[in-house]
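Analysis of the macromolecular model
Now for the letters of each chain:
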Amino acid sequence: MKKNNKYRPRILLITIPLLFLAIFYFYPLIKIFSLSFMPEGEWRPGKLHKLVSSGFYIQTFWFTFWQASLSTILTLLLALPGAYVFARYRFFGKNLIQSFTTIPFVLPTVVVATAFQALLGPNGLINIWLMQWFELPDAPIQLNHTLWFILLAHVFYNYTVVLRIVGGFWSRLECTLTEAAQVLGASPWQTFFKITLPLLYPAIFAAGLLVFIFCFSSFGIILILGGPRFSTIEVEIYRQAVHIFNLPMAAALSLIQIVFTFLLMWVYTALQRKTGVDIMPESSASALRNVTTCRDRVIVGGNTALMMLLLGMPMLALVFRSFSSDSGLSLVFYRALFENPTQSIFFVPPMEAVIYSVGFAGVTLVLAVFLGLPAASFLASPQKGLGALLDPIFMLPLSTSAVTLGFGFIIALDRPPLNLRTSLMLVPLAHTLVAFPFVVRSILPALRSIPRNLREAATLLGASPLKVWQAVDLPIVGRAVLVGAVFAFTVSLGEFGATVFVARPQTPTMPLAIYRFLGQPGAMNYGQAMAMSSILMMVTAVGFLLLEKVRIGGMGEF
Amino acid sequence: MIACVVFGGFFNPLVMAADAVNEITVMTHDSFSISKEVVTSFETLHNTKIRFLKAGDAGAALNQAILSKNNPLADLFFGVDNTFMSRALKADIFKPYASPLLNQIRDDLKLDPQNRLLPVDFGDVCLNYDKKWFVQKKLRPPASLADLVKSDYKSLTIVENPATSSPGLAFLLTTVGYFGENGYLDFWKKMRANDVMVTNGWKEAYWGSFSAASKGNRPIVVSYASSPSAEVYYAKTPPDQAPTAAVIGDQTSFRQIEFVGILKGTSKIELAQKLVDFMLDRKFQEDIPLQMFVFPAGKSTRLPEVFIKHARIAANPVTIPYDEIAAKREKWIESWTETVLR
């Protein structure tokens, strides 16, 4: 095989994603870092000595690390059985349940906090029931401002990441190996631990990594549900950048966060090289089985029940509150969404907010897939030297604090040809930075699992690299691309931290509209926030169901 | 470089005209609002278009204005308050403008003798309580800060973290003013012993734990003296009485004043001055209460009925000079954190 021939298109693959990151990530970041550390062209460390001299930042780092680890482990433990159910069973309402598990991902933290409050708060449903049944004087569940609340919320948000990435991968694992093991007398548990689990490692690590980075840079959950006694690096960055305006400190903390993610990714990439296994792709349809035995019912029923309890109940509580008023159920909050009693210039009718959100999410989806697919294709082949650094680099935007990057945009993208500071495009561009790593991570395990001999066979038969990709890679990774697209769409619908800096007030997204309602006292404001949240959930669910249809219509079976 | 041009060319059609001739841009924070009619009246009068940019909360927006001072995003900035004033003035981003309309503005609100920042509105941060709760429990509502540390009021109060919230900081300043620099930490020690709840932001405090607003179980919260009027205005069916009340006794509140300023580097100085005049004038001032639920800075501005009935202005709020706030806020916040949270 001629090496040169193969090499050139690969370089082309990576050029556009790299260019995108260079312009919209590294350039603003370098600008804000140099302004922070060297305001007048010379090194000004500010009060950086506090980083080490006060134990506070070391404690903060340690807490950030272990709460993220614990959250990741918990999410994996709870979601893996669910992934199994989705990978192996065919049952009624499966698509609906799957799309609904992803909804938490788009909900603003303050809304989730309200949902949990309505359910588990001191005057929440569950506490009131418990107090009535057991005749307790006080609420038995006190979750507010505890570590448990943080963990619960992280699982609530990230369950779907594991479910989709591992579930998608699992559904394509061939059954012949596990069947062979069972024929040879291995118990189901032995088969799982010796065969299935090792085969799943790439997907589990990919999902675990995303969850970890998500929790590591957790902001709203810590701030709102954890309360002031908990702090992560991300929270400190915001505090330093916005409240204290100590930019050197904010920049140093951002840098620590970025370097840590990079190192983590680097270790991960090294591990990944050892764990990747070639598997023969299998049509997912043949591997699915119906729920027939009693055992099947327990497994499927148990997992769907868990999803209902963990994810469904808080969401139901929200929807319930959006319809409830003193006189029973009513649509008063929904009707109010269409009214503008104060004639505010910033009033946005609900349909318009939906259109802005979905529009931004659509552009984000296209951009993220357009950038993520070639990036993942490039990374899929074993990398040495510089190439090995790219994978870690692609993950960095996910763990970069929104306020740091937002400030970077302000000072970097201020002149033609990049005078984008007040452009509408800035919203999907910022969203794409966060969505892109999700797309790469979703696609990579599937791409890596393609046996090399398939591609080589195609090449030997005279197929061009593009043709190989079309005929071999695409059919196999179609499902994974869809998973990535769904994430990109979701990330965009729910993004708040960066949106608040870059969105224009007349074209707010739904999360921004929800925040506006909660900014002033009054029952109508609260009710409208709940109504808007319910609409956001509905739009998300409908969006997912449509995306799933695209797969069936467009790419056929794989 | 070539790549930059290519990329720029690709995106340029999507970039909104950033510098149209007859357009004026106001940078502000998330909570800013104004009615369409008021905006249109200025626009028709001066044949212009006002563009608003919102850039996060008050602190984040100001910091972005400072960061972009060499190439400003806007012609005016609205929403610097007296706790951030010193940062804004030190960064030297505002042009002085002695508006003739200043004579219509309350004198106690004019803090900058050089008129780089001109007062537009104010709000008194103070305790709010749930009236029904206190009637049901047959407890006297709090009348002063000292009440909060009594045993009857154990586990009743929610405050916001001064390190992350602006009403939280205002309330900390209230206690500094009321108890003095030597006494405020003592008060907070007792507050801690009396099981005060601290949240990081106003939203979590009000919507998450305040019994009058949500499923919370605490009847006292730090909010604004005008919050009860918002409770009436945004009720499902407007009640005769507000469900909540503000504690505005002697020295139990802190006055947050919001300012507007013309950004240095604007090329539309005349139009910017016209807009500042407009913001200090009657039409704009009368629009403020129902848009942002704060009080207009104008001396004789007519207030809407819901404000007359249900919103109060504190007679004697705590005052701390803004440069003293700037000099000591970090120290106060750190000591507070040590006392209440660690």
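Residues numbered from 1 in each chain as written. Chains lettered and ligands numbered in written order. Predicted model: local features only at pLDDT ≥ 70, side-chain atom pairs only at ≥ 80, totals over all residues.

What about the overall build of chain B?
Scanning chain B for helices and strands turns up 13 helices and 11 strands. Radius of gyration (C-alpha) of chain B: 22 Å, near the 20 Å computed for a compact globule of 342 residues. A principal-axis box enclosing the C-alpha atoms of chain B has dimensions of 65 × 45 × 40 Å. Counting over 342 residues, chain B shows a buried share of 54%. Within chain B, counting contacts between residues at least 6 apart in sequence, those at least 24 apart form 76% of the total. (Helix = DSSP H or I, 4+ residues; strand = E, 2+ residues; numbered from the N terminus. Rg over C-alpha atoms; globule rule 2.2 N^0.38 Å. Buried ≥ 20, exposed ≤ 12 C-beta atoms within 10 Å, placed from the backbone. Contact = placed C-beta atoms within 7 Å.)

Section: the nonpolar core
Grouped together as the largest cluster of nonpolar side chains are 281 residues, with contacts concentrated most on Val162, Val166, Ile443 and Ala488 of chain A together with Leu76 of chain B. Looking at which element gives the most residues to this core, the answer is helix α7 (residues 147–170) of chain A, with 16 residues. Looking at which domains feed residues into this core, each of domain 1 (2–122 + 256–302) and domain 2 (123–254 + 314–340) of chain B supplies at least three. (Core = buried A, V, L, I, M, F, W, Y, C linked by C-beta atoms within 7 Å. Domains from an automatic or database assignment.)

Remarks on the domain arrangement of chain B
All names here are of chain B. For chain B, the domain assignment lists domain 1 (2–122 + 256–302) and domain 2 (123–254 + 314–340). Between domain 1 and domain 2, the C-alpha centre-to-centre distance is 29 Å. Counting from both sides, the interface comprises 13 residues of domain 1 and, opposite them, 15 residues of domain 2. For the side of domain 1 that touches domain 2, the per-class residue count stands at eight nonpolar, four polar and one charged. (Nonpolar A, V, L, I, M, F, W, Y, C, P; charged D, E, K, R; others polar.)

Examining the pairing of strand β9 (residues 244–247) of chain B
Remember that side chains alternate between the two faces of the sheet whenever the strand is regular. Residues and elements named next belong to chain B. Because side chains alternate across β9, one face comprises the buried residues Thr244 and Ala246, and the other comprises Ala245 and Val247, equally buried. Where strand β5 (residues 118–130) lies against β9, four bridges are found, and the strand directions are antiparallel. Within β9, the position partnered with asparagine 128 by the bridge is alanine 246. (Pairing = 2+ DSSP bridges.)

Details of the packing of helix α19 (residues 426–448) of chain A against helix α21 (residues 465–494) of chain A
All names here are of chain A. For the pair α19 and α21, interaxial distance at closest approach is 8 Å and the crossing angle is 150°. Between α19 and α21, the angle falls in the class roughly antiparallel. Between α19 and α21 the crossing geometry is right-handed. Within the contact between the two elements, α19 uses Pro428, His431, Val434, Ala435, Phe438, Val439, Ser442, Ile443, Ala446 and Leu447 and α21 uses Asp473, Ile476, Val477, Ala480, Val481, Val483, Gly484, Phe487, Ala488, Val491 and Ser492. (Axes fitted to C-alpha atoms, helices over the stretch in contact; angles between N-to-C directions. Parallel < 35°, antiparallel > 145°, perpendicular 65-115°, else oblique. Left-handed = near helix turned anticlockwise from the far one by under 90°.)

A few points about helix α10 (residues 269–280) of chain B
Within an α-helix, residues lying three or four positions from one another point in the same direction, as the helix has 3.6 residues per turn. Compared with an ideal rise of 1.5 Å per residue, which puts 12 residues at 16 Å, α10 of chain B spans 17 Å between its outermost C-alpha atoms and is within 8% of the ideal. Each element contacted by the buried residues of α10 of chain B is listed here: β1 (23–28), α2 (36–46), β3 (76–81), β5, β10 (254–263) and α11 (282–292) of chain B. (Expected span 1.5 Å × (residues − 1).)

Remarks on the packing of helix α3 (residues 55–88) of chain A against helix α9 (residues 188–216) of chain A
Residue and element names in this part refer to chain A. At a closest axis distance of 8 Å, the pairing of α3 and α9 adopts a crossing angle of 140°. As summarised for this structure, α3 and α9 are arranged oblique, according to the angle between their axes. Between α3 and α9 lies a crossing of right-handed hand. Seen from α3, the contacting residues are Thr64, Gln67, Ala68, Ser69, Ser71, Thr72, Thr75 and Leu76; seen from α9, they are Ile204, Gly208, Val211, Phe212, Cys215 and Phe216. Here the contact of α3 with α9 is composed, by residue class, of seven nonpolar, seven polar and no charged.

Looking at the environment of aspartate 296 of chain A
All names here are of chain A. Structurally, the position occupied by aspartate 296 is in helix α14 (residues 294–323). Judged by local crowding, aspartate 296 falls into the partly exposed class, with 16 C-beta atoms found within 10 Å. Expressed as a C-alpha distance, the spacing of aspartate 296 and cysteine 215, which sit 81 residues apart in the sequence, is 33 Å. Residues within four places of aspartate 296 in sequence aside, it is in contact with Tyr89 and Val291.

Re the interface of chain A and chain B
Facing the 56 residues of chain A at the interface are 63 residues of chain B. Going through the elements one at a time, α1 (3–37), α5 (109–120), α10 (220–226), α11 (233–244), α18 (402–412), α22 (499–502) and α24 (523–555) of chain A are the ones with two or more residues in the side of chain A that touches chain B. In terms of residue class, the side of chain A that touches chain B is made up of 34 nonpolar, 18 polar and four charged.

As for the environment of tryptophan 469 of chain A
Residue and element names in this part refer to chain A. Assignment of secondary structure puts tryptophan 469 in helix α21. Along the sequence, tryptophan 469 and glutamate 234 sit 235 residues apart, while their C-alpha atoms lie 40 Å from each other. Dropping the residues within four chain positions of it, tryptophan 469 is found in contact with Ser377 and Leu474.

Let's talk about unusual backbone geometry
All names here are of chain B. Despite not being glycine, aspartate 92 has its phi angle at roughly 60°, a positive value. By C-beta crowding, aspartate 92 is classed as exposed, having 11 other C-beta atoms within 10 Å. Here the phi dihedral of aspartate 195 falls at roughly 60°; this positive angle occurs in a residue that is not glycine. Structurally, aspartate 195 is set in the loop between α7 (184–193) and β7 (197–199). Taking the C-beta count within 10 Å as the criterion, aspartate 195 has 12 such neighbours and is therefore assigned exposed.

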